[in-house]
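Notes for the structure review
Residue-level listing of the chains:
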Amino acid sequence: MELKESDIRKLSELARVSLEGEEVGLLDNMREIIGYFEVLNELKTDAVEPMSGGTSLVNRFRADAADWPCQGLGREDFSVKEGESLKTPPVFGESNA
Amino acid sequence: MLNLRDLTIKSFREGLLNKSFSTFEITKFFFDFAEEKNSELNAFLSLHRDQALEAASKIDVRLAEGDDPGVLAGVPLAIKDNILVEGLPATAASKILENYSAPYDAEVIAKLKKRGAIFIGKTNLDEFAMGSSTENSAFGVTRNPHDSERVAGGSSGGSAAAVAAHMAIGALGTDTGGSVREPAAFCGVVGLKPTYGAVSRFGAIAMASSLDQIGPIAKNAEDAATLFQAIAGIDPKDSTSVDADYHDLTADPDLERIRELKIGIPDEYFGEGLDPEVRGEMEKVIEDLKSLKINLKKISLPHTKYAVAVYYLIMPAEVSTNLARYDGLRYSPPPRSGRPSLLDLYLYNRSYGFGPETKRRILLGTFALSAGYYDAYYLKAQKARSLIKKDFDEAFREVDVILAPVTPTPAFKIGEKANDPLQMYLSDIFTIPANLAGLPAVSMPVRGREGKLPIGFQLMGKPWREKDILDIGRLYERL
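Please read these numbers as outputs of a predicted model, since none were measured by experiment.

Attention now moves to the overall build of chain A. Along its length, chain A carries two helices and two strands. Reading chain A from its N terminus to its C terminus gives the helix and strand order α-α-β-β. Counting across all 97 residues of chain A, residues that qualify as buried make up 25%. Within chain A, residue pairs in contact and separated by at least 24 positions form 22% of the contacts whose partners lie at least 6 positions apart. Just so you have it, chain A exposes about 7,400 Å², and 50% of that area is on carbon and sulfur atoms.

Once that is clear, we can look at the overall build of chain B. When helices and strands are counted, chain B shows 16 helices and 13 strands. Against the 2.2 N^0.38 benchmark of 23 Å for 479 residues, chain B shows a C-alpha radius of gyration of 21 Å, consistent with a compact globule. Here the C-alpha coordinates of chain B stretch approximately 65 × 55 × 45 Å along the principal axes. Of all 479 residues assigned to chain B, the portion counted as buried reaches 64%. In chain B, once contacts between residues fewer than 6 apart in sequence are set aside, the share between residues at least 24 apart is 77%.

Let's shift gears to the interface of chain A and chain B. Interface size is commonly expressed as the accessible surface area that is lost when the partners come together. With 38 residues of chain A at the interface, the matching set in chain B holds 42 residues. Summing both sides of the interface, chain A and chain B together bury roughly 3,800 Å²; the carbon and sulfur share of this comes to 71%. Per-residue buried area on chain A facing chain B is highest for A:Phe37, A:Leu40 and A:Met51; these three make up 17% of the total on that side. Seen at the junction of chain A and chain B, the total is two salt bridges. Between A:Glu22 and B:Lys359 there is a salt bridge whose closest N-O contact spans 3.1 Å. Where chain A touches chain B, the interface holds 15 residue pairs in polar contact (both at pLDDT 80 or more).

Residue and element names in this part refer to chain B. With the rule as written, the count across this model stands at one cavity of 30 Å³ or more. What lines the largest cavity is a set of 16 residues, and nearest its centre among them are Gly-131, Ser-132, Ser-179, Tyr-311 and Asp-428. Across the lining of the largest cavity, the residue classes break down as five nonpolar, eight polar and three charged.

Attention now moves to helix α5 (residues 157–164) of chain B. Where burial is concerned, most of α5(B) is hidden: eight out of the eight residues are buried. Taken from the residues just after α5(B), B:His166 is the one with a positive phi, measuring 65°.

Residues and elements named next belong to chain B. The step from Gly-154 to Ser-155 runs through a cis peptide bond, and the omega angle for that step is 10°. Residue Ala-93 is not a glycine yet carries a positive backbone phi of 55°. Taking the relative accessible area as the measure of exposure, Ala-93 reaches 0% and is therefore buried.

This part covers the side chain of B:Asn144. All names here are of chain B. Structurally, Asn-144 is set in strand β4 (residues 143–144). What makes Asn-144 buried here is its relative accessible area of 1%. Other than its neighbours up to four places away in sequence, Asn-144 contacts Leu-41, Arg-150, Val-151, Ala-152, Phe-186, Cys-187 and Ala-411.

Now for the confidence of the model for chain A. For chain A, the average pLDDT comes to 83, and 84% of its residues sit at 70 or higher. Mean pLDDT across the elements of chain A bottoms out in strand β1 (residues 80–82) of chain A (83) and peaks in helix α1 (residues 5–14) of chain A (92).

Residue and element names in this part refer to chain B. Of all six residues that make up strand β13 (residues 456–461), six are buried, and the element is covered over most of its length. Burial along β13 is two-sided: Gly-456, Gln-458 and Met-460 and Phe-457, Leu-459 and Gly-461, pointing in opposite directions, are all buried. As paired elements, strand β11 (residues 401–405) and β13 share five bridges and run antiparallel to each other. By the bridge assignment for β13, Ile-402 is matched with Met-460. By the bridge criterion, five bridges tie strand β12 (residues 441–445) to β13 in an arrangement that is antiparallel. Directly across from Pro-445, in β13, lies its bridge partner Gly-456.

Checked against the element boundaries, B:Lys359 lands in helix α12 (residues 356–369). Apart from the residues within four sequence positions on either side, B:Lys359 is in contact with A:Val17, A:Leu19, A:Glu22, B:Arg350, B:Ser351 and B:Phe354.

Residues and elements named next belong to chain B. Across the interface, helix α2 (residues 23–41) lies against helix α3 (residues 49–64) with an axial gap of 8 Å and an inter-helix angle of 155°. One element, α2, and the other, α3, form an angle in the roughly antiparallel class. The interaxial crossing formed by α2 with α3 has right-handed handedness. Contacts between α2 and α3 pair Thr-23, Phe-24, Thr-27, Lys-28, Phe-31, Asp-32 and Glu-35 from the former with Arg-49, Ala-52, Leu-53, Ala-56, Ser-57, Ile-59, Asp-60 and Leu-63 from the latter. Among the residues making up the contact of α2 with α3, the classes are represented as seven nonpolar, three polar and five charged.

All names here are of chain B. Tallied over the full model, the rule gives 18 aromatic pairs over all chains. Seen from their ring centres, Phe-12 and Phe-21 are 5.3 Å apart, and the 45° between their planes marks the pair as tilted. The exposure classification of Phe-12 matches that of Phe-21, with both residues buried. Sitting above the plane of the Tyr-352 ring, Lys-95 keeps its charged end 4.3 Å from the centroid. The ring of Phe-412 is capped by Lys-417, whose NZ or CZ atom sits 4.5 Å from the centre of that ring.

Time to look at the layout of surface pockets. All names here are of chain B. Estimated volume of the largest pocket: approximately 990 Å³. Counting only elements with at least two residues in the lining of the largest pocket, the list comes to α2, α5, β12 and α16 (466–477). Of the residues forming the lining of the largest pocket, the biggest block, three residues, is contributed by α2. Per-class residue counts for the lining of the largest pocket are 19 nonpolar, eight polar and nine charged.

Let us look at the environment of A:Ser6. Tracing the chain through its elements places A:Ser6 in helix α1. A C-alpha to C-alpha distance of 21 Å links A:Ser6 and A:Glu38, two positions 32 residues apart in sequence.

Attention shifts here to α2(B). All names here are of chain B. Given a rise of 1.5 Å per residue, 19 residues ought to cover 27 Å, and the 25 Å separating the end C-alpha atoms of α2 matches this to within 8%. The largest bend in α2 comes to about 25°, at Glu-35. Among all positions in α2, only Thr-23, Ile-26, Thr-27, Phe-30, Phe-31, Ala-34, Asn-38 and Leu-41 are buried. Those residues of α2 that are buried are in contact with α1 (9–17), β1 (44–47), α3, β2 (76–80), β3 (118–123) and β4. The first or second residue beyond α2 is Asn-42, which carries a positive phi of 55°.

Cut-offs applied
- Residues numbered from 1 in each chain as written.
- Chains lettered and ligands numbered in written order.
- Predicted model: local features only at pLDDT ≥ 70, side-chain atom pairs only at ≥ 80, totals over all residues.
- Heavy atoms only, no water.
- Helix = DSSP H or I, 4+ residues; strand = E, 2+ residues; numbered from the N terminus.
- Buried < 20%, exposed > 50% of the residue type's maximum accessible area, 1.4 Å probe, protein only.
- Contact = heavy atoms within 4.5 Å.
- Areas by Shrake-Rupley, 256 points an atom, 1.4 Å probe, with all protein chains shown as cover.
- Rg over C-alpha atoms; globule rule 2.2 N^0.38 Å.
- Buried area = accessible area lost by both parts, 1.4 Å probe.
- Salt bridge = Lys/Arg side-chain N within 4 Å of Asp/Glu carboxyl O.
- Polar contact = N/O pair within 3.5 Å; in protein donor to acceptor, adjacent residues only side chain to side chain.
- 1 Å grid on protein atoms, 1.4 Å probe; cavity = no way out; pocket = protein on both sides within 12 Å on 5 of 7 lines; lining within 4 Å.
- Points joined across faces, edges and corners; volume = space filled by probe spheres on them.
- Nonpolar A, V, L, I, M, F, W, Y, C, P; charged D, E, K, R; others polar.
- pLDDT = per-residue confidence, 0-100.
- Pairing = 2+ DSSP bridges.
- Axes fitted to C-alpha atoms, helices over the stretch in contact; angles between N-to-C directions.
- Parallel < 35°, antiparallel > 145°, perpendicular 65-115°, else oblique.
- Left-handed = near helix turned anticlockwise from the far one by under 90°.
- Phe/Tyr/Trp six-rings, centres within 6.5 Å; stacked < 30°, edge-to-face > 60°.
- Lys NZ or Arg CZ within 6 Å of the ring centre and 35° of its normal.
- Expected span 1.5 Å × (residues − 1).
- Bend = angle between axes of the 7 residues up to and from the residue.

In structure tokens:
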């Protein structure tokens, strides 16, 4: 892709960094660097798992299922409930609940 | 007259135990030398004489009482300024942290203190460890002790220069894409990047968390092994740290065991772009290893050419995330007038506090992670990283260690690449793959280069096999 000066301004806004007259220099550098990344298009990676960490250790997640067996556990420990909502007591002062 | 040049951790300990010098005397001696030499090299951003002399006196008292304060008792070390030492500055060579003082010790520092080490000062680096020359430091470039017109390398250039110029016996650096090994090669000292997870990163200022590792810089491979042994190990405060068995790293290397290993020579590291002088030295290293009757074998790591692109997508993405926390309000607020909005304040402070290379990488990372480009760039790079790791997995089925150059050229001139970031990035081609794959790698100075610019060679090992690469390095040093 071909970066424009407006893209640099948008990126600097997203990154919370103001650029004071540095846009033109950065634009040239970033065009060249992003152009270099195109070399990765030579690779076929559809069937490749991404490597997200520094080791091959993987996180163990529960199944991404809606009917997780632990769902709702702990509700009975809350003294005040309002429909589906649970109320926690205030940290300071008296509870109005 | 004491010759600092001859002092290694081992000879220092011998001198201390047989009372050739006291810890206080030698610490003072090191400061007298380092304070003068630093005006020439700018290796240290801060020197801490009072704290060091106080710690040295305590070591002397313990020695006088017949106590052994530890294997590193009194050893003067230099610490990269992105590693926290309680009560000392930790600027990461950035204006945004100019007045920050560490409120606690990094885990590696706590371990070194427990073993009696003395900290001379905090060393220069490229801002937040981003660079290959220390030219990106907000506080001036570090000069190469072998040629003051040339860079010391980076990002741990201050640590490598301090050890090479005998201002400290050893040092700590951090290595995200070669930042320990490249300056070690340029300055003619030994630099070890441990396996990812071998050393706790608690208290190291984060740059790119899936790649960063703290590693030692030393005068020889035995000292590097001693320092690594002191700092390695699992730490509950760093969930990526691992409890691994490294065996006795400081035991005398067993040549017969090493002869049972096989060293791979990857074609891709000896191709186009390698300086003829570096190539010639690599060929001599190969001959030297053959003379030890170590087995060598040609191998291929076919995805090496993608490593720079992969690294310069993944690393800035992590940089832009890690550096989002700096608002510039606490440690070095720039002068301002009026009552700006909070957003304007952030924009202004971060613009004032970060240098050009840091801004470039934050923007690159923001680009790579932004909607519409994430899959095409960041996810693609993560997948290509898997392929690079797979190359190593396959190679390590055939060989135990991989030999390669550390850098395509010897140390370049100050300013030579400063205006061409892509050329600077490409000079990391041989060091980046070990970080992407999480492997241990040591940079060893090629022998016989007295009076010339140093050149380094690199030994990459299987995960947790630091002993293999350090033992080969130690045997090479004896030739």
